[in-house]
Amino acid sequence: MSEFLILGIILVAVLWFFNKDRIKNRFYPEKPKNLTIDQQFNSDKREREKEIDKLLSKMGKNGINDLSAKDRKRLDELSKH
């Protein structure tokens, strides 16, 4: 019986260790930050760049034919900024 208790404690500790960020964000979500105009611009720019990179990596070796019509439209919108 004590072996199961020890095994259970070890299992809970391992699960907690690998999920501690998810647990922390669920019970203590990050508060929205008050950003300056420049910080907001840079933040938006980084988000656009991440989305462009994601779409470009999705294209992969086969070119633009790998993208759906929605993805192509979004890539065109992002490239205009």
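Just so we're clear, the structure is a prediction, and the values are computed from it rather than from any experiment.

(A) Quick look at the overall build of the protein chain. Helix and strand counts for the protein chain come out as three helices and zero strands. Start at the N end of the protein chain and walk to the C end: the helices and strands fall as α-α-α. What you see for the protein chain is a C-alpha radius of gyration of 22 Å, clearly larger than the 12 Å of a compact globule of 81 residues, by over 25%. Dimensions along the principal axes, computed over C-alpha positions, put the protein chain at roughly 65 × 40 × 15 Å. Counting across all 81 residues of the protein chain, residues that qualify as buried make up 7%.

(B) Looking closely at helix H1 (residues 2-27). Taking 1.5 Å per residue as the helical rise, H1 with its 26 residues ought to reach 38 Å, whereas the 32 Å between its terminal C-alpha atoms falls clearly short. The largest bend in H1 amounts to roughly 70° and is located at Asn 19.

(C) Region of interest: the confidence of the model for the protein chain. Looking at the protein chain, the pLDDT average stands at 86 and 100% of residues meet or exceed 70. Across the protein chain, the secondary-structure element scoring lowest on mean pLDDT is helix H3 (residues 69-80), at 85, and the one scoring highest is helix H2 (residues 37-59), at 90.

(D) Layout of the packing of H2 against H3. The N-to-C vectors of H2 and H3 enclose an angle of 140°; their axes lie 10 Å apart at closest approach. As summarised for this structure, H2 and H3 are arranged oblique, according to the angle between their axes. Between H2 and H3 the crossing geometry is left-handed. Mapping the contact onto sequence places Arg 48, Glu 51, Ile 52, Leu 55, Leu 56, Lys 58 and Met 59 in H2 and Asp 71, Arg 74, Leu 75 and Leu 78 in H3.

(E) Expanded view of the domain arrangement of the protein chain. Taken as a whole, the protein chain is organised into domain 1 (1-30) and domain 2 (33-80). Of note, the centres of domain 1 and domain 2, computed from C-alpha atoms alone, are 36 Å apart.

(F) Layout of the nonpolar core. Core analysis: the biggest nonpolar cluster contains five residues, these being Leu 55, Met 59, Leu 67, Leu 75 and Leu 78. Taken together, the elements giving at least two residues each to this core come down to H2 and H3. The contacts of Met 59, once residues within four sequence positions are left out, are Ile 64, Asp 66, Leu 67 and Leu 75.

Basis of the calculations
Residues numbered from 1 in each chain as written. Predicted model: local features only at pLDDT ≥ 70, side-chain atom pairs only at ≥ 80, totals over all residues. Heavy atoms only, no water. Helix = DSSP H or I, 4+ residues; strand = E, 2+ residues; numbered from the N terminus. Rg over C-alpha atoms; globule rule 2.2 N^0.38 Å. Buried < 20%, exposed > 50% of the residue type's maximum accessible area, 1.4 Å probe, protein only. Expected span 1.5 Å × (residues − 1). Bend = angle between axes of the 7 residues up to and from the residue. pLDDT = per-residue confidence, 0-100. Axes fitted to C-alpha atoms, helices over the stretch in contact; angles between N-to-C directions. Parallel < 35°, antiparallel > 145°, perpendicular 65-115°, else oblique. Left-handed = near helix turned anticlockwise from the far one by under 90°. Contact = heavy atoms within 4.5 Å. Domains from an automatic or database assignment. Core = buried A, V, L, I, M, F, W, Y, C linked by side-chain atoms within 4.5 Å.

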